[in-house]
Amino acid sequence: MQFKYVATGLVLTLALAGCQRTSYSPYSDLPSQPAPLQAQPVQGVQGGQLPPPGGASQYPSAPQGGQNMAMANPNAAAPASALDVTKEQMVGNWRVSNGGASCDMFLTLTNLGSGSRGGTRGCAGELTAMGSWEVSGKMVQFKNRAGDVIGRVYKSADNRFDGTTNSGQQVSLSR
């Protein structure tokens, strides 16, 4: 029995001896502070206006007055052929066709600001910023997270809505 205690004590002593700090440091021969760097000569700096990339403006040109901008106008009304729409009809998952691509839109009745919470997955362009939506007359308005209208659609058939984003991109919702 005594032998167990002696053996255990010996093992602990050896283990603790292995944890002792040594006085050797691989960094002991380095100077305490590095030598300062020498300044290098620099050429003179020039200033001036850069040309636009590619020689053209990065922004598209403004539309001409004769173009049909009814849907891009935030105060636009639905066409006369638009069907009545309610919030309850809009709730759920929609397949969105936007500029030749398709993505998903999810609309809920959870309040968010002046509208209801909504969002998109896999969309491009303005619809990526969608955060809420609301029904206004026969139109459904999509809003960004700041509450600004980014697009609107109207009911054109059962389970189908058509419209545009503020940039004029065609948008269609279907189930």
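In this text, all values refer to a predicted model and were calculated from it rather than measured experimentally.

> Explain the pattern of salt bridges to me, please; I cannot follow it from the model alone.
Pairing is possible between side chains that carry opposite charge, provided their charged atoms lie close to one another. One pass over the full model with this rule turns up five salt bridges. Ionic pairing is found between Glu 134 and Lys 143, a salt bridge with its closest N-O pair at 2.3 Å. Of the residues examined, Glu 134 reaches a relative accessible area of 19% and is grouped as buried. The salt bridge partner of Asp 162 is Arg 160, with a shortest N-O separation of 3.1 Å. What makes Asp 162 buried here is its relative accessible area of 15%.

> I would appreciate a short explanation of the packing of aromatic side chains in the present structure.
Given two aromatic rings, one states the distance between the centres and the angle between the planes to describe the pair. Inspection of every chain in the model, using the stated rule, returns one aromatic pair. A cation sits over an aromatic face here: Lys 87 above Trp 133, 5.5 Å from the ring centre. The aromatic ring of Trp 94 is capped on one face by Arg 175, whose charged end is 3.9 Å from the ring centroid.

> In this structure, what is going on with the pairing of strand E5 (residues 139–144)? I would like to understand it.
Walk down a regular strand and you will see the side chains alternate between the two sheet faces. Within E5, six of the six residues are buried, which leaves it mostly tucked inside the rest of the structure. Residues Met 139, Gln 141 and Lys 143 of E5 are buried on one face, and the alternating residues Val 140, Phe 142 and Asn 144, pointing to the opposite face, are buried as well. Relative to E5, strand E4 (residues 130–136) runs antiparallel, the two sharing six bridges. Its bridge partner lying in E5, Val 135 is registered against Val 140. Following E4, the chain reverses through two residues before pairing antiparallel with E5; Gly 137 in that reversal takes a positive phi of roughly 70°. Of the pairings in the sheet, the one linking E5 to strand E6 (residues 149–157) comprises five bridges and is antiparallel in character. Following the sheet pairing, Lys 143 is matched in E6 by Val 149. Where E5 folds back onto E6 in an antiparallel hairpin, the turn is made up of four residues, including Gly 147, whose phi is positive at roughly 95°.

About the criteria used
- Residues numbered from 1 in each chain as written.
- Predicted model: local features only at pLDDT ≥ 70, side-chain atom pairs only at ≥ 80, totals over all residues.
- Heavy atoms only, no water.
- Salt bridge = Lys/Arg side-chain N within 4 Å of Asp/Glu carboxyl O.
- Buried < 20%, exposed > 50% of the residue type's maximum accessible area, 1.4 Å probe, protein only.
- Phe/Tyr/Trp six-rings, centres within 6.5 Å; stacked < 30°, edge-to-face > 60°.
- Lys NZ or Arg CZ within 6 Å of the ring centre and 35° of its normal.
- Helix = DSSP H or I, 4+ residues; strand = E, 2+ residues; numbered from the N terminus.
- Pairing = 2+ DSSP bridges.

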